[in-house]
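Below, each chain spelled out in residue letters.
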Amino acid sequence: MIHTHLCDLLAIDHPILNAPMGGTATATLAAAVSNAGGFGMIGGTSPGGPDWLRSQIRAARAQTNRPFGVGFISSFPNIDDLVQVALDEQVAAINHSFADPTPYVAAARARGIRVFAQVQSLAQAQRAAKAGVDAIIAQGTEAGGHTGTAGTLALLPAVVDSVGGIPVLAAGGVADRRGLAAVLMLGAAGASLGTRFVASDEWGGGDWEQQAVLDATTDDTIRTSLYDQIRGAAFPADIADRVLRNRFNTAWNGRTTAITEQRADLQRQLEAGAKALDKEVVDISAGLAAGLIRSQEPAGLIVQRIVAEAEQVLQRSATLLRSG
Ligand SMILES: Cc1cc2nc3c(=O)[nH]c(=O)nc-3n(C[C@H](O)[C@H](O)[C@H](O)COP(=O)(O)O)c2cc1C
């Protein structure tokens, strides 16, 4: 069985997290992942606000007696009310993405709650380490959703080398046995998977979005700020959104001035696209790993199969060695 520091830190069997996908990593997904021995995460940044989050945490608790956490897009305004809910409800861990985690560490610590920081650069990883977080998620640009520009293959070991023994998880591009085995070899203590769990029975988005992810190859994503510009979403300047490529984002990607000028009309197009479930318009967050996913399955099965198969990969890797 694969066992890492992360398993001890979080009291889990398998070093796999589902990513805290805002609004779509709900109680049902988090509980399924935790019940399978992984660590379930609720995506806490959702239009539902604090009441929705509280009800999700309580629903997860009703579905599992294993530990689970909540993750936030911490660059968003009014995040403190949401964080307070996670603190009050005493979840096992809180993840902060896209912002300095320093202001959040002491209050969580005081309640025995672990703090994670998802980072996209070495400097951010070092800042998180200095802040005293319990684990760092090094997110490569392969990731679905908002992400930076450094690739997992080089970012991850560089972060591992620079944070003084704090457990580091990989995020971005891990969707099967090979990905998990590879990131463990790069020094990760575990992995946080988003796109793989989009194609799970318990994911909270639409069937049509799941089908689009299943149909996509590794060539079919684009990293764009288009949707954030239209919505005025608060992300740091070097962060953009990896989504499935479509007609709308192919036409508008990078046209910052034109987007600003025509923002009201683009907002209307986006609303109409969302109503019509039009995958040629809306943003379907997915990473390069979409090309590795063949079928939609229960989240628990995904966790258990990836860890069992990664173990075989690691065992077989010894056959690459010759003596003498
Ligand atoms: C549909 C979707 C929604 C996401 N939403 C969030 C979010 O709300 N907060 C966050 O920190 N990361 C979010 N992410 C990024 C994940 O945390 C994670 O880094 C990423 O999914 C890992 O790469 P992978 O998609 O290749 O597994 C999202 C990813 C996806 C696919």
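Parameters at a glance
Residues numbered from 1 in each chain as written. Predicted model: local features only at pLDDT ≥ 70, side-chain atom pairs only at ≥ 80, totals over all residues. Heavy atoms only, no water. Domains from an automatic or database assignment. Contact = heavy atoms within 4.5 Å. Buried area = accessible area lost by both parts, 1.4 Å probe. Salt bridge = Lys/Arg side-chain N within 4 Å of Asp/Glu carboxyl O. Polar contact = N/O pair within 3.5 Å; in protein donor to acceptor, adjacent residues only side chain to side chain. Helix = DSSP H or I, 4+ residues; strand = E, 2+ residues; numbered from the N terminus. Nonpolar A, V, L, I, M, F, W, Y, C, P; charged D, E, K, R; others polar. Pairing = 2+ DSSP bridges. Axes fitted to C-alpha atoms, helices over the stretch in contact; angles between N-to-C directions. Phe/Tyr/Trp six-rings, centres within 6.5 Å; stacked < 30°, edge-to-face > 60°. Lys NZ or Arg CZ within 6 Å of the ring centre and 35° of its normal.

### Description of the domain arrangement of the protein chain
Each assigned domain of the protein chain is listed here: domain 1 (5-204 + 294-320) and domain 2 (217-275). Here domain 1 and domain 2 have C-alpha centroids that lie 26 Å from each other. If you look at the interface, domain 1 gives 16 residues, while domain 2 gives eleven residues. Of all residues in domain 1, the largest losses of buried area upon contact with domain 2 belong to Phe-76, His-146 and Thr-147, amounting jointly to 43% of the total for that side. Counting the contacts that link domain 1 with domain 2 gives zero salt bridges. At the surface where domain 1 touches domain 2, the tally comes to eight residue pairs in polar contact (both at pLDDT 80 or more). In terms of residue count, the dominant contributor to the side of domain 1 that touches domain 2 is strand S7 (residues 145-147) (three residues). When the residues that make up the side of domain 1 that touches domain 2 are grouped by side-chain class, the tally is five nonpolar, ten polar and one charged.

### Some thoughts on the sheet that holds strand S5 (residues 114-119)
Read across the sheet, eight strands follow the order S1-S9-S8-S6-S5-S4-S3-S2 without closing on themselves; strand pairing throughout is parallel. Each edge of the open sheet carries a strand with a single partner, namely strand S1 (16-18) and strand S2 (40-43). Shown here is a sheet whose adjacent strand axes are inclined to one another by a mean of 25 degrees, direction ignored. Where strand S6 (residues 135-139) and strand S8 (residues 168-171) come together, four bridges link them in parallel fashion. Bridged to Ile-137 within S8 is Leu-169. Along the sheet, helix H7 (residues 152-162) makes contact with S5, S6 and S8, crossing S8 at roughly 170 degrees.

### A closer look at the packing of aromatic side chains
Scanning the model with the defined rule gives four aromatic pairs in all. Both rings, one in Tyr-227 and one in Phe-248, keep their centres 6.0 Å apart while their planes meet at 40 degrees; by these two values the pair is tilted. Of the two residues, Tyr-227 sits in helix H11 (residues 226-231) while Phe-248 sits in helix H12 (residues 247-252), which places them 21 residues apart along the sequence. In this structure an aromatic cluster arises from ring pairing among Phe-76, Phe-98 and Phe-235. Cation over ring: Arg-255 sits above Trp-252, and NZ or CZ is 4.3 Å from the ring centre.

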